Amino acid sequence: MATGKVVVEKIGGRSTATSCFSKYPLKFMLPRKVAPAGTDVVWIYSITYGGGIVSGDSISCEFTIGDGCTAVITTQSSTKVYKAIGSKCSEQTLEARIGSEALLVVIPDPVTCFSTARYYQKQMFRLVSDSNLVLVDWITSGRHANGEKWDFDLYKSINNLYLEDDHPLFLDSVLLEKRSIQSIAERMQDYQAIAMVILFGPKLREIQKHVQENVKNIMSEQLQISYGSRRHGSGSSSRNSFMKPEFIASCSTFGPEGKGVVIRIASDSTESVYNFLRQQLAELEPLLGQSPYA
């Protein structure tokens, strides 16, 4: 049985949560005054008791977003994954069905894994040709104040999108696992957060165009800074050195006729990712009543 379930349907011409269920260790909050009057959207806050996921916890969520509805799934703070007990793994699965002309926006705060934590996440989204989806999935390096940077044992995140008849649209998996040869921190170098953003659907075409252009400009600027630092160096060491950009982003399209856009990010700070998300997703405000991550 699912740990949490929400159904959003059109009632009287408005997006309405007609069913909402959650049980320990999960709680859903559906505040009524998040969006301004006249905005047709349901905001869903996903909260874990104790502010995090305990070793061995298993959370399963189901969301159904009916035809023409708009819903936002978010959190109030980062999802903390506590230290593993033995080989126990904390698990979280999400399955969402998005109807015709519906919009689902999934904009959580990042996952933060404590030292030795083991975390597995799988998210599946089932769409029709004119469904719309915004998905943000991201992780930080850990608790910097405690000296923990990429010090967890396992992080695996799967994000799969399917069209009608379970036709694969986008399949993605990220695996960070501690190894004896090379640590996660060594592989991640100095980057402290990684993120993926998916934009899919006809309602998001203009936002997709703007984000693609913005990413192009951001990376052009970042690479000019890195190249400039090399040019102004002296001696043979400068010829062999290249200052890594503090922020890296890439953009690519997927799906029929390039209807989807995926943005991948690596940054040396969590705040710079927040800033990027605020800026690039600000155009969602007319649809959601407020800007994501405001």
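Look up a bit, the structure's there.
Keep in mind that this is a model prediction, so the values were computed, not measured.

Colleague: I'd like to hear about the sheet that holds strand β12 (residues 118-126), residue by residue, with values.
Modeller: Taken together, 7 strands build an open sheet; the order of strands is β2-β1-β6-β9-β12-β14-β15 and the sheet is mixed. Whereas interior strands pair on both sides, the edge strands pair on one side only; in this sheet they are β2 (14-22) and β15 (167-177). With direction set aside, neighbouring strand axes in the sheet form an average angle of 10 degrees. Bridge count for strand β6 (residues 58-65) against strand β9 (residues 90-98) is 8 bridges, and the pairing is parallel. Looking across to β9, one finds that S58 is bridged to E91.

Colleague: Requested: an account of the packing of aromatic side chains, with residues and values cited.
Modeller: What the rule picks out here adds up to 13 aromatic pairs. Consider the rings of Y24 and Y49, whose centres lie 5.6 Å apart with planes at 35 degrees: the pair is tilted. Of the two residues, Y24 is situated in the loop between β2 and β3 (26-29) and Y49 in the loop between β4 (42-48) and β5 (52-53); the sequence distance between them amounts to 25 residues. Relative accessible area serves as the criterion here: at 59%, Y24 is assigned to the exposed category. Classification of Y49 as partly exposed rests on a relative accessible area of 43%. Members of the aromatic cluster, connected to one another through ring pairs, are Y119, W150, F152 and Y155. Stacked on the ring of F114, the Lys or Arg R143 has its end atom at 3.8 Å from the ring centre.

Colleague: Any details on the pairing of β12? Residues and values, ideally.
Modeller: Strand direction decides the pairing type here: β9 and β12, joined by 8 bridges, are parallel. Residue pairing across strands places A96 opposite F125, the latter belonging to β12. In this sheet, strand β14 (residues 154-163) lies alongside β12 in parallel orientation, the contact comprising 9 bridges. The partner of R126 across the bridge, within β14, is Y162.

Colleague: Any details on the side chain of S55? Residues and values, ideally.
Modeller: Positionally, S55 belongs in the loop between β5 and β6. A residue is classified by how much of its surface remains accessible, and S55, at 9% relative accessible area, is buried. Within the local environment of S55, its side chain forms a polar contact with the backbone nitrogen of I85, the two atoms lying 2.9 Å apart. If we ignore the near neighbours within four places in the chain, the residues touching S55 are K83, A84, I85, K88 and S90.

Colleague: Which residues make up unusual backbone geometry, and what are the values?
Modeller: Here the residue pair Y24 and P25 is connected by a cis peptide bond, since its omega of 10 degrees sits within 30 degrees of zero. Residue placement: P25 occurs in the loop between β2 and β3. In the Ramachandran plot, D165 falls in the positive-phi region, its phi being about 60 degrees despite a non-glycine side chain. Within the secondary structure layout, D165 lies in the loop between β14 and β15. Unlike most non-glycine residues, D166 shows phi in positive territory, near 55 degrees. Its place among the elements puts D166 in the loop between β14 and β15.

Rules and cut-offs
Residues numbered from 1 in each chain as written. Predicted model: local features only at pLDDT ≥ 70, side-chain atom pairs only at ≥ 80, totals over all residues. Heavy atoms only, no water. Pairing = 2+ DSSP bridges. Helix = DSSP H or I, 4+ residues; strand = E, 2+ residues; numbered from the N terminus. Axes fitted to C-alpha atoms, helices over the stretch in contact; angles between N-to-C directions. Phe/Tyr/Trp six-rings, centres within 6.5 Å; stacked < 30°, edge-to-face > 60°. Buried < 20%, exposed > 50% of the residue type's maximum accessible area, 1.4 Å probe, protein only. Lys NZ or Arg CZ within 6 Å of the ring centre and 35° of its normal. Polar contact = N/O pair within 3.5 Å; in protein donor to acceptor, adjacent residues only side chain to side chain. Contact = heavy atoms within 4.5 Å.

Don't take any of this as a statement about function, it's just geometry.
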